[in-house]
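Letter by letter, the chains look like this.
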Amino acid sequence: MPLAEGRVLQIGIDQSEIGKDISRLIHGAILVGVLVAGLSVLVAYLVNRVIAGPILDLLAVVRRLQHREFGRRVLVRSEDEIGQLGRAFNELSETLEELFDAISDRERKLDAILSSMSDGVLAVNMQRKVILANRAVADMFNVDELSIIGKNQFEATRNTNLSKLLDDTIDSGESIVREMRVRPGSERTIAVTSSPLTNQDRTPLGAVAVLRDVTDLRHLEQMRQEFVANVSHELRTPLTSIKGFVETLLAGNLDDRALTERFLKIISGETDRMIALINDLLDLSRIESGKQPLKLGPVDIKEIFDDTIMILQSNADAKNMTVQNLIYDPVIVEGDEKLLKQVAINLVDNAIKYTPEGGTVTVEAIKSPDEVEIIVSDNGVGIPAQHLDRVFERFYRVDKGRARNMGGTGLGLAIVKHIVDKHKGSICAESRVGKGTKMRLTLRRMN
Ligand SMILES: Nc1ncnc2c1ncn2[C@@H]1O[C@H](COP(=O)(O)OP(=O)(O)OP(=O)(O)O)[C@@H](O)[C@H]1O
Ligand SMILES: [Mg+2]
């Protein structure tokens, strides 16, 4: 603004007023700031409560679920989307719990069935790794049931044939049955049925094998075959000889009275042998079948052996042998008298038969409160160690030629063993070749 010369316009402001204004402004700003901060805390709190809180709850329950804790539920705090999510989640975890229980239950049942099976079960996947094995398999291969899971099939079983069978099953997609030894040189035979494992759309998953121990079955089959062969052989030998003598006589030698008589005596002897054999067989099958129950009663062992020795005295005399019963007092057992006499006769008969001229046979008894051990000893030819267990098998003879010459068929001790077993007793042989044999028979005493 123009001013007259020499004039000065001076404008002055009171600074204290300005200061007041500024301070008012600052206070206002602080107040707004505090309000905004408070508001944001409130908003954050509300957001946390309404959204983040339930989600964190959910997360915590999911974590529990991962550890198979199905009991936990989400707290539903509202009816909005988050509340619905929580409710749906609770339902889902309930369903999961039921499903898990059902699966665990099935798994437990399957486990129980598999581990109580006497057959082995072994499953492998396409990579030939074991995915399932039960206790029977582990026992067969002498390994730990759990530690073979995940191992390669050969590493787990050490059986090349089984490995090959599983390979062949997977390669061919067909079931295969094969018999094999548990391991090379083993006595145990297993029959393995191996089948391909597939899922529902027939995609191959591996193979599962069922392993059955058939050792006893095969042994029985072999025994049956041997038995038939033995019986046929035992019958054919005397029959052939009878036929030979009869044909010789028929060929015009009937007039020779002495010859005829000699031949007829042989024929009669052979017939006796066959009758004895058939009687033995009938005895064996009767005892074995259990159809004829034991006629139990008190039996005096001393008397049984006294009678036996009397019956066989002439056999002993013919060989200049001494047979003595060193049981002086009655020893009473509960048993079938007729059968126990058969035992005694067989044992003393063997002792006389397999002892050379001039030998001695003794019978003695060792008593304990509940049992009595009867020992029939001889100083005869003895039984080589490797035959000791086997002499109780049917038709088993140590020296086949010699025993047959003596009229033996190898059934005597088999019958003895069966009778003793029926009496819940036991029998074993002890022997030294060239020195003699001891047959130890244990029976229960009757008090
Ligand atoms: N006391 C013994 N001393 C030596 N060997 C024996 C004795 N007892 C049995 N043996 C052997 O055991 C085998 C089987 O005996 P077992 O009594 O079963 O048949 P066996 O005497 O040959 O015929 P069987 O008794 O049927 O007439 C005999 O062949 C013999 O080799
Ligand atoms: Mg005999």
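Residues numbered from 1 in each chain as written. Chains lettered and ligands numbered in written order. Predicted model: local features only at pLDDT ≥ 70, side-chain atom pairs only at ≥ 80, totals over all residues. Heavy atoms only, no water.

Enquirer: For the nonpolar core, give the residues involved together with the corresponding values.
Expert: One finds F305, L347 and V376 to be the most contacted residues of the largest nonpolar core, which totals 47 residues. Those elements giving two or more residues to this core turn out to be α7 (257–289), α8 (301–318), α9 (337–353), β9 (360–367), β10 (371–378), α11 (412–422), β11 (426–432) and β12 (436–444). Looking at this core element by element, the count peaks at eight residues for α9. No fewer than three residues from each of domain 3 (227–283) and domain 4 (296–444) sit in this core. Setting aside residues up to four positions removed in sequence, F305 forms contacts with N325, A344, V348, V363, I374 and V376. Judged by nonpolar contacts, the second largest core, of 21 residues, contains F141, L166, I176 and A209. (Core = buried A, V, L, I, M, F, W, Y, C linked by side-chain atoms within 4.5 Å. Buried < 20%, exposed > 50% of the residue type's maximum accessible area, 1.4 Å probe, protein only. Helix = DSSP H or I, 4+ residues; strand = E, 2+ residues; numbered from the N terminus. Domains from an automatic or database assignment. Contact = heavy atoms within 4.5 Å.)

Enquirer: Please provide a residue-by-residue account of the site of ligand 1, values included.
Expert: In the vicinity of ligand 1, 20 residues are found, and the nearest of them are N350, Y354, D378, G410 and L413. A distance of 2.9 Å separates an oxygen atom of ligand 1 from a polar backbone atom of G412. Expressed as a share of its isolated accessible area of 590 Å², the protein-covered part of ligand 1 is 95%. Of all the secondary-structure elements, those providing two or more residues to the shell around ligand 1 are α9 and α11. For the shell around ligand 1, a count of residues per class yields ten nonpolar, seven polar and three charged. (Near = heavy atom within 4 Å. Polar contact = N/O pair within 3.5 Å; in protein donor to acceptor, adjacent residues only side chain to side chain. Areas by Shrake-Rupley, 256 points an atom, 1.4 Å probe, with all protein chains shown as cover. Nonpolar A, V, L, I, M, F, W, Y, C, P; charged D, E, K, R; others polar.)

Enquirer: Lay out the packing of aromatic side chains with the relevant residues and their values.
Expert: Taken as a whole, this structure holds two aromatic pairs when the rule is applied. Ring centres 5.5 Å apart and planes at 55° place the aromatic pair F227 and F395 in the tilted group. Residue F227 is located in helix α6 (residues 215–253), and its partner F395 is located in the loop between β10 and α10 (400–405); the two are separated by 168 residues in the primary sequence. Residue placement shows R394 over the ring face of F227; its charged tip is 4.8 Å from the ring centre. (Phe/Tyr/Trp six-rings, centres within 6.5 Å; stacked < 30°, edge-to-face > 60°. Lys NZ or Arg CZ within 6 Å of the ring centre and 35° of its normal.)

Enquirer: Report on the sheet that holds β9, specifying residues and quantitative values.
Expert: Backbone-to-backbone hydrogen bonds join strands into a sheet, with any given pair of strands oriented parallel or antiparallel. Strand order in the open sheet formed by five strands is β7-β9-β10-β12-β11, with mixed pairing between adjacent strands. What marks the edges here is a single partner per strand, and that holds for β7 (322–325) and β11. Along the sheet, successive strands turn relative to each other by an average axial angle of 15°, direction set aside. Examined bridge by bridge, β11 and β12 share seven bridges and lie antiparallel to one another. When the sheet's bridge partners are listed, C428 is paired in β12 with R440. Contacting β11 and β12, α11 runs over the sheet at an angle of about 140° to β11. (Pairing = 2+ DSSP bridges. Axes fitted to C-alpha atoms, helices over the stretch in contact; angles between N-to-C directions.)

Enquirer: Give me the lowdown on the environment of S115, citing residues and values where you can.
Expert: Note on placement: S115 falls in helix α2 (residues 81–116). With a relative accessible area of 21%, S115 lands in the partly exposed category. With 102 residues separating them in the primary sequence, S115 and L217 have C-alpha atoms 22 Å apart.

Enquirer: Talk me through the confidence of the model for the protein; I want residue IDs and the actual numbers.
Expert: Looking at the protein, the pLDDT average stands at 90 and 97% of residues meet or exceed 70. Between the elements of the protein, mean pLDDT differs from a low of 61, seen in α10, to a high of 98, seen in β7. (pLDDT = per-residue confidence, 0-100.)

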